[in-house]
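These are the residues of each chain, in order.
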Amino acid sequence: MRIAWLRYLALIAATAGPVSGFDRVELDVTVNDSARTISGRVSVDFEPRPVELTELRFRLYANVYRNKRDSSDSGTEVDSVLIDGRDVTSRVTLDGTDFLVTLPGPVGPGVPVSADIRFVTHVPEDPGRLGYNRDQFTLAGWFPMPAPWADTGWVRIEYGENSEPAADLCDMDATIRLADTLQLIAPGIVSVEHGADTQVVRISLHPAQDVPVVIATGYEADETVCGGTTLKILFRPEHAYVLDTVRETACRTLAYMSENILPYPFDEFVVVVGGYGIGGGVELPRMILLGKPGAGLFTRFYPAMVIHEVVHQWFYGMLASDQANEPWLDESVAEFFTVKINRLMTHGRGDLFSQFGFSAGFESSHRTTSYPVQDLVPIDRPADAYGRGEYFAAVYSKGALVMMTLTRLMGAEQERQFWQEYAGRFQFTRPTRADFVSLATEYMPTGDTADVAALISTIAPLDFAIRSVSVTRDETAADSTADSARPEPQYRITVEYTARHPLGFPVDLRLEYQDGTVQDTTVTPTPGRHRLVFHHSNGPACVTIDPEYTYAIDRNLLNNSIQFAGPRGVGPRLFSGVLFLVESLFSLLWGF
Amino acid sequence: MARLVSRGIDNCRKNFAIWYLLYFGKLILAAAFSIPLLTIINMTVENSRYAGALLGDWSLDVINELGRARENVFTSFLIVLMFYSVIVFLFKQFLNGGIYSSLLARRKLDRRDFFGQSAGLFVGNLKVSALMALVYVLLLAVALAAGSFVPEKPFQGFGAVALYSTFLRVALLYPFLIAGTILSDVLRFRLAAHPAEAFRYTLRAALDTYRSRFVQLNGVYYVYFLPFVAVWLLAEWLAVQVTSGMGNMLGVLLELILFQVCAFLRTGQSVLGSATIACVVQADQDGFTPGQGEVTSSD
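Reading the values: the criteria
- Residues numbered from 1 in each chain as written.
- Chains lettered and ligands numbered in written order.
- Predicted model: local features only at pLDDT ≥ 70, side-chain atom pairs only at ≥ 80, totals over all residues.
- Heavy atoms only, no water.
- Contact = heavy atoms within 4.5 Å.
- Buried area = accessible area lost by both parts, 1.4 Å probe.
- Salt bridge = Lys/Arg side-chain N within 4 Å of Asp/Glu carboxyl O.
- Polar contact = N/O pair within 3.5 Å; in protein donor to acceptor, adjacent residues only side chain to side chain.
- Helix = DSSP H or I, 4+ residues; strand = E, 2+ residues; numbered from the N terminus.
- Buried < 20%, exposed > 50% of the residue type's maximum accessible area, 1.4 Å probe, protein only.
- Pairing = 2+ DSSP bridges.
- Axes fitted to C-alpha atoms, helices over the stretch in contact; angles between N-to-C directions.
- Parallel < 35°, antiparallel > 145°, perpendicular 65-115°, else oblique.
- Nonpolar A, V, L, I, M, F, W, Y, C, P; charged D, E, K, R; others polar.

Okay, the interface of chain A and chain B next. Of the residues lining the interface, 54 residues belong to chain A; the matching set on chain B comes to 79 residues. For the pair chain A and chain B, the summed buried area comes to about 6,300 Å², and 67% of that belongs to carbon and sulfur atoms. If you sort the residues of chain A by the area they bury against chain B, R573, W590 and F592 of chain A come out on top, with a joint share of 16%. For the interface between chain A and chain B, the tally reads three salt bridges. Across the pair E512 of chain A and R49 of chain B runs a salt bridge whose closest N-O atoms are separated by 2.4 Å. Linking chain A with chain B are 24 residue pairs in polar contact (both at pLDDT 80 or more), by the criterion used here. When contributions to the side of chain A that touches chain B are tallied by element, the ones reaching two or more residues are α3 (301–311), β22 (353–355), β23 (358–360), α5 (362–370), β30 (561–563) and α11 (570–590) of chain A. At 18 residues, α11 of chain A tops the list of elements feeding residues into the side of chain A that touches chain B.

With that settled, consider unusual backbone geometry. Residue and element names in this part refer to chain A. Looking along the chain, the bond that leaves H206 and enters P207 is cis, with omega of -10°. Phi at D84 is positive, roughly 45°, even though this residue is not glycine. With respect to the helices, strands and loops of the structure, D84 is situated in the loop between β4 (75–83) and β5 (86–87). The backbone of H501 sits at a positive phi, close to 50°, despite the residue not being glycine. Checked against the element boundaries, H501 lands in the loop between β25 (491–500) and β26 (507–513). Residue class for H501 comes out partly exposed when judged on its relative accessible area of 38%.

For the rest of this paragraph, the subject is the pairing of strand β17 (residues 220–226) of chain A. For a regular strand, the rule is simple: side chains alternate between the two faces of the sheet. All names here are of chain A. Taken together, the seven bridges between β17 and strand β18 (residues 229–235) define a ladder with antiparallel strand orientation. Paired with D222 across the two strands is I233, which belongs to β18. Adjacent in sequence and paired antiparallel, β17 and β18 are bridged by two residues, among which G227 carries a positive phi angle near 60°.

Let us look at the pairing of strand β7 (residues 98–107) of chain A. Residue and element names in this part refer to chain A. Sheet analysis places strand β3 (residues 53–59) next to β7, joined by six bridges and oriented antiparallel. Within β7, the position partnered with R59 by the bridge is D98. Connecting strand β6 (residues 92–95) to the antiparallel partner β7 that follows it, the hairpin turn spans two residues, and G96 within it adopts a positive phi of roughly 65°.

This part covers the packing of helix α9 (residues 214–246) of chain B against helix α10 (residues 249–282) of chain B. Residues and elements named next belong to chain B. Remark: α9 packs on α10, axes separated minimally by 8 Å, with the N-to-C direction vectors making an angle of 180°. The angle between the axes of α9 and α10 places the two elements in the roughly antiparallel class. Partitioned by chemical class, the residues of the contact of α9 with α10 number 24 nonpolar, seven polar and three charged.

Residues and elements named next belong to chain A. Throughout the structure, instances matching the rule amount to 36 salt bridges over all chains. Note that D98 is salt-bridged to R57, the shortest N-O span being 2.8 Å. Highlighted residues: D98 in strand β7 and R57 in strand β3, separated in sequence by 41 residues. By the burial criterion, D98 is buried, and R57 matches it. Residue classification places D98 among the buried residues on the basis of a relative accessible area of 5%.

Okay, here's the thing in structure tokens:
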């Protein structure tokens with residue numbers, strides 16, 4: 001009797017409707033793998049909005065592929081639209097990836113509304129996030145999805161080459177029918193029912209901004225428990241050799257982010273090795289797809305890609321910022337954490353490559369990649385405002401450097417608190433640039449929002465340099481100690497430094513003396529040439545501006561110091577190496 | 001084979017001057033390019049603490065930073081290097097006539113004969129180079145096609161394993177290119193022996209010899225090549241270790257010396273290989289005995 005009563009309560013709880021505050025999206029679709037279509041219906045129960053609604057806006061991300069060659073027949077077609085049960089198909093306006101439904105009458109503030117859309121998506125032949133490629137369907141952004149909601153209205157996004165399917169978090173439930181011979185890989189699978197020739201897969205993701213699905217054959221599964229999360233790695237047998245690395249990297253990243261930012265709130269995380277047809281990886285809710293491992297595995301680019309995509313489970317998955325309009329809020333931040341976590345995993349220098357006496361750092365590789373765009377484009381443009389090459393150089397590489405600069409200026413403890421507060425405050429919402437800037441300002445040494453905003457938007461070629469150091473005997477000081485038994489020699493050290501396009505934040509100037517003592521002076525330089533005079537009983541061994549390389553966006557780190565003591569031979573070593581390289585080239589040409 | 005190797009070493013010893021000539025020629029030309037570069041970049045790196053990392057290892061971070069700081073210098077020098085390489089190539093094609101004649105002749109050539117042969121065979125050696133460029137492209141294509149049949153599984157891995165497997169894959173391509181190098185030598189020896197004959201006859205005769213003595217020619221090359229590769233690798237590994245370990249000017253100096261040992265041995269291996277190939281083709285009396293009006297005419 002007691003059990004029956006409990007069941008009754010559970011049933012009420014399950015059918016009582018939403019308590020999460022997210023819009024609810026319910027999908028019921030059939031996959032026709034031979035026709036490469038997905039058809040069915042999507043029902044959306046919108047939470048009440050604070051303003052009167054006269055229209056509903058959706059996103060048809062699949063239509064972005066219509067602009068691509070050979071994919072013009074792909075995209076999503078809308079067959080019918082019902083609003084609160086009433087057919088409004090004639091009131092639909094389709095414009096590329098934008099899908100607007102004019103409501104038959106205004107819906108007052110605080111009144112819920114529901115939509116029921118019948119659609120068919122023709123899957124493009126594409127190796128990217130939405131497409132059919134070599135017997136595999138990769139499905140992201142494949143159904144009509146509500147457009148993001150800003151404070152007072154819908155956000156219209158013109159999707160292009162760089163933009164990813166932006167959406168607010170919704171409670172997602174999907175029922176997918178497909179051939180029984182196929183393998184469906186997705187997070188949040190609740191049940192799989194096998195029929196004669198078909199299978200029915202039910203997926204529940206509360207909340208998520210998509211229902212990501214991979215449909216293929218031949219994947220094998222590996223399951224590990226990382227913390228409280230089950231890590232499922234799907235891989236093809238020929239890629240089994242990367243399994244250990246992927247597992248360890250994903251686990252350690254989940255642990256780092258859970259410990260330092262915000263605990264991972266879900267009990268499952270899916271990784272599909274080789275599931276992404278384009279080089280690199282892609283983040284999806286509770287799932288990531290990684291490109292096929294290939295050449296170049298002697299560097300740490302592949303593990304770094306794993307880290308990057310796992311970090312997205314926070315900065316995309318939980319903090320669902322608008323990737324299309326503000327890609328830096330997830331990509332720059334994810335790449336920043338990638339460098340940080342990768343460095344921790346490899347214990348420092350040479351964290352990208354270290355073999356046979358050669359080394360390369362990940363941060364430095366970002367300096368190189370971002371260099372061509374550093375003083376051309378800021379990191380905070382909408383995704384499609386960048387050219388293809390520019391996008392990665394600016395948003396990923398320069399973005400990571402800007403984040404490094406920002407957080408190093410905060411200091412380690414402040415930085416940790418900042419990320420925790422940022423993630424905690426905006427968890428399961430859509431943070432904006434203003435949110436980020438406003439909170440970051442609270443943790444910066446100068447509490448001016450304009451300074452943080454300027455750093456994020458900067459295209460200024462910032463450069464700190466020590467121009468000259470002159471040392472003279474300080475006669476006055478020597479004279480003043482003339483009466484003592486053994487007067488200390490006194491030096492007057494004049495340091496000339498320049499600051500090109502400083503951002504108004506402080507920078508340290510470090511003077512190391514020959515007796516080993518170190519003197520740090522913090523300055524907040526204005527643009528131009530400056531002079532500082534020091535008096536000391538010892539001569540200088542090295543003068544460095546920004547000795548900890550806080551400013552990762554500094555154009556030139558070689559001119560940050562002038563050293564008078566210490567090991568020499570960098571120039572000769574370069575000569576020796578260049579000479580040997582040129583000789584080897586000549587040997588190749590000569591045959592001798 | 002042992003007798004052949006011994007004859008090759010004798011031939012090389014007889015023409016030891018060629019080894020020196022080529023090594024020092026290479027060194028002087030490379031230094032003429034590298035010294036100005038050093039003078040320009042030394043100011044940028046010598047007092048910089050950031051650049052100091054380069055004393056620990058070959059830090060690509062520092063090299064990248066330098067490339068950015070002196071972007072124009074690097075670009076200019078790369079352009080100069082390209083032009084320079086063309087000049088060096090032409091210079092070597094000029095010397096080839098003298099070198100192959102010397103190695104083929106059963107006696108030592110004097111300077112006049114050497115440069116006389118160099119001048120006389122210059123155009124012929126250019127023709128051989130043009131032909132060999134096509135052959136190398138073809139061989140590379142064949143090598144890559146053959147490489148695609150190599151199973152991938154043994155080469156899969158991360159880090160050092162991936163790097164070793166990359167080296168191994170390159171090594172698998174190498175025998176194809178070596179086969180080309182030997183053909184080039186045979187062609188040049190034939191040219192030195194019969195400078196007046198039409199190029200198509202030179203080619204046909206050289207190919208006949210190459211085919212009939214393929215195993216011997218390739219085998220003798222590896223007798224020198226493999227030990228030298230081991231020594232180069234050892235010297236280069238030692239060079240990097242020494243500098244990283246010491247992290248100062250003395251380490252850099254030792255590295256410079258070891259690099260030069262490698263460069264010297266690289267030249268030596270080629271001279272020794274060609275000297276021995278000369279002994280192989282000398283056995284082909286009809287094809288590679290210098291004819292009238294050639295080297296023997298000055299006797």
